[in-house]
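# Remarks on the overall topology
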Amino acid sequence: MVQENHLPPLRIVVVISGNGSNLQAIIDASQSKLAVEICAVISNRPKAYGLQRAVIAGIKCHTIDHTEYSGRETFGAKLKQTIDQYNPDLIVLAGFMRVLSDDFVRNYPGRILNIHPSLLPKYRGLNTHAKAIAANDAYHGASVHFVTETLDGGPVIVQARLPILANDNVESLAQRVQDQEHKIYVEALQWLSQRRLIWSDGALTLDGKPLLQPIVINSEEVNEPQIV
Ligand code: GRF
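These lines cover the structure that appears in this document, whether it is placed above or below. (Residues numbered from 1 in each chain as written. Predicted model: local features only at pLDDT ≥ 70, side-chain atom pairs only at ≥ 80, totals over all residues. Heavy atoms only, no water.)

## Focus: the side chain of Arg-53
So the rule is basically this: Counting from the N terminus, the helices are DSSP H or I runs at least four residues long and the strands are E runs at least two residues long. For the exposure calls, accessible area comes from a 1.4 Å probe over protein chains only, and a residue counts as buried if that area is under 20% of its type's maximum, exposed if over 50%, partly exposed in between. His residues and chain termini do not enter the charge count, which takes Lys and Arg as positive and Asp and Glu as negative. Any carboxyl oxygen of Asp or Glu that lies within 4 Å of a side-chain nitrogen of Lys or Arg is treated as forming a salt bridge with it. Residue contacts follow a heavy-atom distance rule, with two residues in contact if any of their heavy atoms lie within 4.5 Å.
Among the secondary structure elements, Arg-53 is positioned in helix H2 (residues 49–56). Among buried Asp, Glu, Lys and Arg side chains, Arg-53 stands out as unpaired, with Asp-28 the closest opposite charge at 7.1 Å. Apart from residues lying up to four places away in sequence, Arg-53 is in contact with Asn-19, Gly-20, Ser-21, Leu-23, Gln-24 and Ile-27.

The structure is reproduced here in structure tokens:
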């Protein structure tokens, strides 16, 4: 998609492990308003449904089955080799359920994005919905962040925050959070594709202003960012 500002679309490689609903949201948006070119989809699981979504959309697919590699380093080396043939601007982790090696991450400073189903820094790692319910939290949500060597610890760009309802269980909460994930992931990619969001020397700026805290979307709607 050609942008009004004449910037070329952002070249991305999407890395998945499973269903690929976030991938689908990015595919759908790329066919309308989002200026990204999805160069390839890579899955570490051969049966990931997201691979079928990519095939339907006519996107090149690769499977790199992590069980065939002796460790994180060898898997990461193969992942890097596969990614680099596309020379992407950005690597988009979308439900990718492996921890990447430090060596892999160091290859792409400021060029790996992830979506995590919690209001980081709360609940890094797995089972975030159950943890939020067990803690009686009033709010839960999802975060889009840059990936650093610290697991789920890189700078957060945008968060979707929603209330935990009295009758929520893990499944209902996960579904509501996922609906928001799709919106904020596309939104963050939009800012990056428009070069409005920049991470340089460890500092984030949005529209030329330092982004010292994540943008928090407090409703089930994603609006234009309010920077204070
Ligand atoms: C998402 O909830 C994401 O936050 C988590 O894994 C899930 C992947 O869902 N890391 P999908 O594969 O995009 O449907």
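## A short note on the pattern of salt bridges
Taken as a whole and judged by the stated rule, the model has seven salt bridges. We note a salt bridge from Asp-84 to Lys-80, for which the minimum N-O separation is 2.6 Å. Of the two residues, Asp-84 and Lys-80 are both situated in helix H3 (residues 72–84); the distance of four residues between them amounts to about one turn of the helix. Where Lys-122 meets Asp-137, a salt bridge forms, and the shortest distance between an N and an O atom there is 3.3 Å. Separated by 15 residues along the polypeptide, Lys-122 in the loop between strand E5 (112–116) and helix H5 (128–134) and Asp-137 in the loop between H5 and strand E6 (139–146) bring together distant segments of the chain. For Lys-122, a relative accessible area of 42% corresponds to the partly exposed category. The buried category is assigned to Asp-137, whose relative accessible area is 14%. It is possible to trace a salt-bridge network through shared partners that takes in Asp-103, Arg-106 and Glu-149.

## Description of the sheet that holds strand E1 (residues 10–16)
How we decide: In this description, strands pair whenever DSSP reports at least two bridges between them. Here, axes are lines fitted to C-alpha atoms. For helices the fit covers the stretch in contact, and angles between N-to-C directions go from 0 to 180 degrees.
Spatial ordering of the open sheet is given by E3-E2-E1-E4-E5-E6-E7-E11, a layout of eight strands whose pairing is mixed. The sheet is open, and its two edges are formed by strand E3 (60–63) and strand E11 (215–217), each paired on a single side. Taken over all neighbouring pairs, the strand axes of this sheet differ in orientation by 20° on average, direction set aside. Summarising the sheet, strand E2 (residues 36–43) and E3 pair through four bridges and their orientation is parallel. Within the sheet, the bridge partner assigned to Ser-43 lies in E3 and is Thr-63. Those strands touched by helix H1 (residues 21–30) are E1, E2, strand E4 (90–93) and E5, and its axis lies near 155° from that of E2. Its contacts with the sheet put helix H6 (residues 170–193) on E1, E2, E4, E5, E6, strand E7 (156–163) and E11, and the angle it makes with E7 is roughly 150°.

## Notes on the pairing of E5
Along E5, five of the five residues are buried, which leaves the element largely enclosed by surrounding structure. Taking every second residue as pointing to the same face, both faces of E5 are buried, with Ile-112, Asn-114 and His-116 on one and Leu-113 and Ile-115 on the other. In this structure, E4 lies alongside E5, joined through three bridges in parallel fashion. Counted as the bridge partner of Ile-91 is Ile-112 from E5. Relative to E6, E5 runs antiparallel, the two being bridged by four bridges. When the sheet's bridge partners are listed, Ile-115 is paired in E6 with Val-144.

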